[in-house]
Amino acid sequence: MAYNSHTFKRHLILNMISHLGPISRTELIELTDYRPASVTDIIKELLDDRLIVESGSVSVGHGRKRTLLEINKGHLCAIGLAFTNESVSYVVSCIDGSILSRQTGRMDLSASREDLIGQITATVVALLEQYKDKHIVGIGISEPLFDPTAYQYGSSLTANYVHFNDWIHLSLKPRLKEITGLQVNSYSGVTMPAMAELRFGAAKGVQNFICVELSNGIGSSICCNGQPVAGANGMAGELGHTVVAFSAGDQPLCYCGKPGCVEVQTAFPALVSSIMDALRSGVFSNLTPGQPITVEAIRTALDSGDRMCMHYVRQAAQRLGAAIANAVNLLNPELVVLHGFMLALGPYFMTHLEQSLRENVLAISSGFDLKISDSMETLLPLGAVAEIFSAYLRSDDYQWVYQLNNL
């Protein structure tokens, strides 16, 4: 794309308004060094297309005012889809990450591929009709993440990881493109948390950070220099399968085939297994043997001072803190963002996790922040939405813009 082409200039100004707005025409002229007439013409186009809006003015002295411009946040929208083994989530989001609609549909895995695609496309078409007054720029699909609790032992590990991915690429994407006429892209679920946090969440404005999932599995999503890291096979960030313990041969194997993995030591199923073993051996607890052990039940026990639960939660938290510290020492991030349902274990869990994390990080790398995601239930579809907006703005061609500080 030629740097003096009208298309390049239009996208450059749109990216500047998106990142730096509200911003005046004069500031845009100064930043781009384009002729005032060129900037004025492009601004008029963007206003006519309802991609930007005038949003007030700022005084510059002697009664003079400059009109400010910003992205039309309420008009530009995208649809994000994310899959689990049994459901599909749909999100309609504005370009600032505000969610207009969120719904989840169950997936009957015994149904034919054609029926599943028909179900999904019908829901997307209904959403497009519902928001026909908005400018929907595209549809982003987050490929399914691997859920160890749904692992099928009769299949290969690779087959389980790609669970839905073949029909997403070969059937669903082409069908959605055909029916909607919109841009439809799919993205690695590994990078979606980082993309969601980078554009909309706790990592907004941060260039180097990691997101760590604490749930049935332990995983991470990495962002370096403002770019998500997927790896050669889209599997970067498998924090849960780093080995943290070498011990006797009676140690349980992780489903990946190794002993001593972070996941088999610290993920929620491992915590539940330890608590169940203790209950069966007669250790006193407020938990009732034979009853389901949920996050909420453990949290209640912790709040009541249950020593057995405190022991195993502290142990899991300390091991997780050390594992995350390894990632911090390796990647030197500015920020660590935590997400996942294990955070519902509460302050006792978080206190011991952070203490272990801080104790095991190199002093030279200790200046990072630690935050909890405020978008835990929507990270994957919002990540897909973030990627769609990046594609729409062609943000990759204008990365230097996003290195600029807000004016």
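Residues numbered from 1 in each chain as written. Predicted model: local features only at pLDDT ≥ 70, side-chain atom pairs only at ≥ 80, totals over all residues. Heavy atoms only, no water.

Quick notes on the nonpolar core
Note on soluble globular proteins: their nonpolar side chains tend to be buried together.
Line of reasoning, step 1. With 51 residues, the main nonpolar core has Ile17, Leu28 and Phe209 as its most contacted residues.
Line of reasoning, step 2. Counting only elements with at least two residues in this core, the list comes to helix H1 (6-20), helix H3 (36-48), strand S3 (64-71), strand S4 (76-83), helix H7 (192-199), strand S9 (209-214), strand S12 (335-339) and helix H13 (379-393).
Line of reasoning, step 3. Once you skip the residues sitting within four places of it in the chain, Ile17 turns out to touch Ile23, Leu28, Ile43, Leu46, Ile52, Leu69, Glu70 and Ile71. (Core = buried A, V, L, I, M, F, W, Y, C linked by side-chain atoms within 4.5 Å. Buried < 20%, exposed > 50% of the residue type's maximum accessible area, 1.4 Å probe, protein only. Helix = DSSP H or I, 4+ residues; strand = E, 2+ residues; numbered from the N terminus. Contact = heavy atoms within 4.5 Å.)

Section: helix H10 (residues 295-303)
Along an α-helix, a turn takes 3.6 residues, which lines up residues three or four apart on a common side.
Line of reasoning, step 1. Regarding H10, the residues found buried are Val295, Ile298, Ala301 and Leu302. Viewed along the axis of H10, the buried residues span an arc of 125°, placing them on a single side of the element. Turned more than 90 degrees away from the buried face of H10, the exposed residues are Glu296, Thr300 and Asp303.
Line of reasoning, step 2. At its buried positions, H10 is contacted by helix H9 (268-280), helix H11 (307-331) and helix H12 (347-359).
Line of reasoning, step 3. Downstream of H10 by one or two residues, Gly305 has phi in the positive range, about 85°. (Arc of directions from axis to C-beta.)

Things to note about the sheet that holds strand S11 (residues 227-229)
Line of reasoning, step 1. Within the open sheet, the five strands sit side by side as S11-S10-S9-S12-S13. Their pairing is mixed. At either end of the open sheet lies a strand with only one pairing partner, and these are S11 and strand S13 (369-372). If you compare each strand with its neighbour and ignore which way they point, the axes differ by 25° on average.
Line of reasoning, step 2. Two elements, S9 and strand S10 (residues 218-224), share six bridges in a ladder whose sense is antiparallel. Each bridged residue has a counterpart across the sheet, and for Cys211 the counterpart in S10 is Ser221.
Line of reasoning, step 3. H12 contacts S9, S12 and S13 of the sheet and is inclined by roughly 155° relative to S13. (Pairing = 2+ DSSP bridges. Axes fitted to C-alpha atoms, helices over the stretch in contact; angles between N-to-C directions.)

Here's the deal with the packing of aromatic side chains
Line of reasoning, step 1. A full pass over the atoms with the stated rule returns two aromatic pairs.
Line of reasoning, step 2. Relative to Tyr398, the ring of Phe8 has its centre 5.1 Å away and its plane inclined at 40°; by these criteria the two rings are tilted. Placement of the pair is Phe8 in helix H1 and Tyr398 in the segment after H13, with a sequence separation of 390 residues. Each member of the pair, Phe8 together with Tyr398, is buried.
Line of reasoning, step 3. When the ring of Phe268 is compared with that of Phe341, the centres are 5.3 Å apart and the planes differ by 80°; the resulting orientation is edge-to-face. Here Phe268, found in helix H9, pairs with Phe341, found in the loop between S12 and H12; they are 73 residues apart in sequence, far enough to count as distant.
Line of reasoning, step 4. Classification of Phe268 as buried rests on a relative accessible area of 9%.
Line of reasoning, step 5. Judged by relative accessible area, which is 36%, Phe341 ranks as partly exposed.
Line of reasoning, step 6. Residue placement shows Lys9 over the ring face of Tyr34; its charged tip is 5.0 Å from the ring centre.
Line of reasoning, step 7. Above the face of the Phe368 ring, Arg358 is positioned so that its terminal group lies 4.3 Å from the ring centre. (Phe/Tyr/Trp six-rings, centres within 6.5 Å; stacked < 30°, edge-to-face > 60°. Lys NZ or Arg CZ within 6 Å of the ring centre and 35° of its normal.)

What to know about the confidence of the model for the chain
Line of reasoning, step 1. With 91% of its residues at a pLDDT of at least 70, the chain reaches an overall mean of 87.
Line of reasoning, step 2. Per-residue pLDDT stays below 50 along residues 155-163; that stretch engages in 16 contacts with residues further than four places along the chain or on separate chains. (pLDDT = per-residue confidence, 0-100.)

Remarks on the pattern of salt bridges
One side chain can pair with another of opposite charge once the charged atoms of both are near each other.
Line of reasoning, step 1. A full pass over the atoms with the stated rule returns ten salt bridges.
Line of reasoning, step 2. Its salt-bridge partner being Arg25, residue Glu54 comes within 3.0 Å of it at the nearest N-O pair. Of the two residues, Glu54 sits in strand S2 (residues 52-61) while Arg25 sits in helix H2 (residues 25-32), which places them 29 residues apart along the sequence.
Line of reasoning, step 3. Classification of Glu54 by relative accessible area gives partly exposed; the value is 46%.
Line of reasoning, step 4. In the salt-bridge network here, residues are joined through shared partners; they are Arg10, Glu45 and Asp49. (Salt bridge = Lys/Arg side-chain N within 4 Å of Asp/Glu carboxyl O.)

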